[in-house]
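Each chain is listed here by its residues.
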Amino acid sequence: MAKDFNRDKNIIILGIESSCDDTSAAVIRDGYLLSNVIANQKVHEAYGGVVPELASRAHQQNIVPVVDFALKQAQIDRREISAIAFTRGPGLIGSLLVGVTFAKAMALALNIPVIDVNHMKGHVFAHFIREPGDTRPLPQFPFLHLTVSGGHTQIVLVRDVFDLEVLGETIDDAAGEAFDKSAKIMGLGYPGGPVIDKLAQQGNPDAFHFPMPKVQGLNFSFSGLKTSFLYLVRDKLKQDPQFIEKNKADLAASLQKTIIDFLLAKLRRAVRETGIKRVAIGGGVAANSELRRRLAQIGEKYGWTVYIPPRKFTTDNAAMIAIIGYYKYLRGEFASQDIAPIARWKL
Ligand code: KG4
Ligand code: ZN
């Protein structure tokens, strides 16, 4: 058997993610995940969305214990770390600042390099996180990646680890926002995606009809869908104040179906236009049960090779940051200690 040349080098990367409302730290040794600790912030639930100022304060409270726990779980002493990879952006500037500052300070104290990572690239490369004993096949290049999260919706052509091209993206809201904002209209709390996913399992996806968003090429748009959802609920509530309560599951299933139909229609178009039949998904919305099921089904129908990552690597996590840190380390691509976070950062 061919020897995996990356093994036995003992390259240990500590990854740090703090771009939105999850504080996460992960340890990867020679490409294999040893730990991935995530602290969610419950504080936003009451507001129906992330409150930036509260998010950065919570990151400040969480970052030390989260990093400490990740190292303990990985049974790694901080002096063994080769480099620290951190999310530089895109994201909430106050949240990013906590992770970036922490990573730089810790690296300075340990006299090791820092590596900056683009969060969106992290979602794509979540597929390359290996766990000891893992037999999941890694995506082969080139492949198409549908990134669907709370802040972004993109179709990315991935030619190689360092060669990515965005073929299309949302012109307004992200797919995750369509879930979150509709859940908020129904009074379901934040984040709405997982709640809608669960409710939809008991609902009829054809109970309500929402017009499919119309947008050119491989781009997406979700703000119109949110508005038609709002108008439907508002009008029906006038006739029956119990409308939401009585139709929660059907509303969830119908909304979810429209979002998924739209995402998959664009993916089919991307496959047609590029001729690439290897298709992967990532980002928080890729945790959605129905999207996972339908993608697998459509893949079988059209003869695509489909890559669906484990759920724990779809929502924000530091393992996806650490794996890119590992690839950049192998290429000697380090950042300087002067580096600052950036809220908007293209792939
Ligand atoms: O990738 P992520 O953790 O954070 C961002 O980078 O935005 O994605 C969060 C988004 C939220 O909008 C959340 O509602 C959505 O992912 N989400 C889901 C599910 N789990 C999380 N959406 C639909 N179904 C789910 N099961
Ligand atoms: Zn994300």
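Residues numbered from 1 in each chain as written. Chains lettered and ligands numbered in written order. Predicted model: local features only at pLDDT ≥ 70, side-chain atom pairs only at ≥ 80, totals over all residues. Heavy atoms only, no water.

Participant: Describe the packing of aromatic side chains, naming the residues involved and giving the relevant values.
Facilitator: Counted under the stated rule, the structure contains 15 aromatic pairs. The ring of Trp 345 has Arg 88 sitting right over it, with the charged end atom 5.6 Å from the ring centre. Looking at Arg 331, its charged tip hangs above the ring of Phe 162, at a distance of 3.7 Å from the centre. (Phe/Tyr/Trp six-rings, centres within 6.5 Å; stacked < 30°, edge-to-face > 60°. Lys NZ or Arg CZ within 6 Å of the ring centre and 35° of its normal.)

Participant: Which residues make up the site of ligand 1, and what are the values?
Facilitator: Within the structure, ligand 1 sits among 20 residues, and Gly 150, Asp 180, Asp 197, Gly 284 and Asp 316 are positioned closest to it. Gly 176 places a main-chain nitrogen or oxygen 3.3 Å from an oxygen atom of ligand 1. A distance of 2.9 Å separates an oxygen atom of ligand 1 from a polar backbone atom of Asp 316. Counting only elements with at least two residues in the shell around ligand 1, the list comes to helix 3 (119-125), helix 4 (175-185) and helix 5 (192-200). For the shell around ligand 1, a count of residues per class yields 5 nonpolar, 12 polar and 3 charged. Residue contributions to the shell around ligand 1 reach at least three from each of two domains, namely domain 1 (2-136 + 314-331) and domain 2 (143-309). (Near = heavy atom within 4 Å. Polar contact = N/O pair within 3.5 Å; in protein donor to acceptor, adjacent residues only side chain to side chain. Helix = DSSP H or I, 4+ residues; strand = E, 2+ residues; numbered from the N terminus. Nonpolar A, V, L, I, M, F, W, Y, C, P; charged D, E, K, R; others polar. Domains from an automatic or database assignment.)

Participant: Would you mind going over the packing of helix 4 against helix 5 in detail, with residue names and values included?
Facilitator: Packing of helix 4 against helix 5 leaves a shortest axis separation of 8 Å and a crossing angle of 75°. Compared by their axis directions, helix 4 and helix 5 come out roughly perpendicular. Contact residues: Phe 179, Asp 180, Ser 182 and Ala 183 in helix 4; Gly 192, Gly 193 and Ile 196 in helix 5. When its residues are assigned to classes, the contact of helix 4 with helix 5 shows 3 nonpolar, 3 polar and 1 charged. (Axes fitted to C-alpha atoms, helices over the stretch in contact; angles between N-to-C directions. Parallel < 35°, antiparallel > 145°, perpendicular 65-115°, else oblique. Contact = heavy atoms within 4.5 Å.)

Participant: Account for the sheet that holds strand 10 (residues 305-307), with residues named and values stated.
Facilitator: One open sheet holds the 5 strands; their spatial order is 8-7-6-9-10, and the pairing between them is mixed. Because the sheet does not close on itself, it has two edges, and the strands there are strand 8 (163-169) and strand 10. Strand-to-strand twist in this sheet, taken as the mean axis angle between neighbours without regard to direction, amounts to 25°. Most of the contacts of helix 7 (residues 243-274) go to strand 6 (residues 143-148), to which it runs at about 155°, and overall it touches strand 6, strand 7 (153-160), strand 8 and strand 9 (278-282). (Pairing = 2+ DSSP bridges.)

Participant: Please provide a residue-by-residue account of helix 9 (residues 319-330), values included.
Facilitator: Between its first and last C-alpha, helix 9 extends 17 Å over 12 residues, near the 16 Å set by a 1.5 Å rise per residue. Among all positions in helix 9, only Ala 319, Met 320, Ile 321, Ala 322, Ile 323, Ile 324, Gly 325, Tyr 326, Tyr 327 and Lys 328 are buried. Next to the buried residues of helix 9 lie strand 1 (12-17), strand 2 (22-29), strand 3 (32-40), strand 4 (83-89), strand 5 (114-118) and helix 3. Backbone geometry just after helix 9 places Gly 332 at a positive phi near 70°. (Expected span 1.5 Å × (residues − 1). Buried < 20%, exposed > 50% of the residue type's maximum accessible area, 1.4 Å probe, protein only.)

Participant: Pulling in residues and values, what's your account of the pattern of salt bridges?
Facilitator: For the structure shown, the criterion picks out 25 salt bridges. Here Asp 68 ties to Lys 72 by a salt bridge, and the two come within 3.0 Å at their closest N and O atoms. One end of the pair, Asp 68, and the other, Lys 72, are both in helix 1 (residues 52-74), 4 residues apart, so they sit about a helical turn from each other. Overlapping salt bridges, with partners in common, bring together Asp 173, Glu 177, Lys 181 and Lys 226 in one network. (Salt bridge = Lys/Arg side-chain N within 4 Å of Asp/Glu carboxyl O.)

Participant: Requested: an account of the sheet that holds strand 1, with residues and values cited.
Facilitator: Backbone hydrogen bonds hold the strands of a sheet together, and the pairing may be parallel or antiparallel. Read from one edge to the other, the open sheet built from 5 strands follows the order 3-2-1-4-5, with strand pairing classed as mixed. Single-partner strands in this sheet number two, and they are strand 3 and strand 5. The mean inter-strand angle of the sheet, taken between neighbouring strand axes irrespective of direction, is 20°. Sheet contacts for helix 1: strand 1, strand 2 and strand 3; angle to strand 2, the most-contacted strand, approximately 25°.

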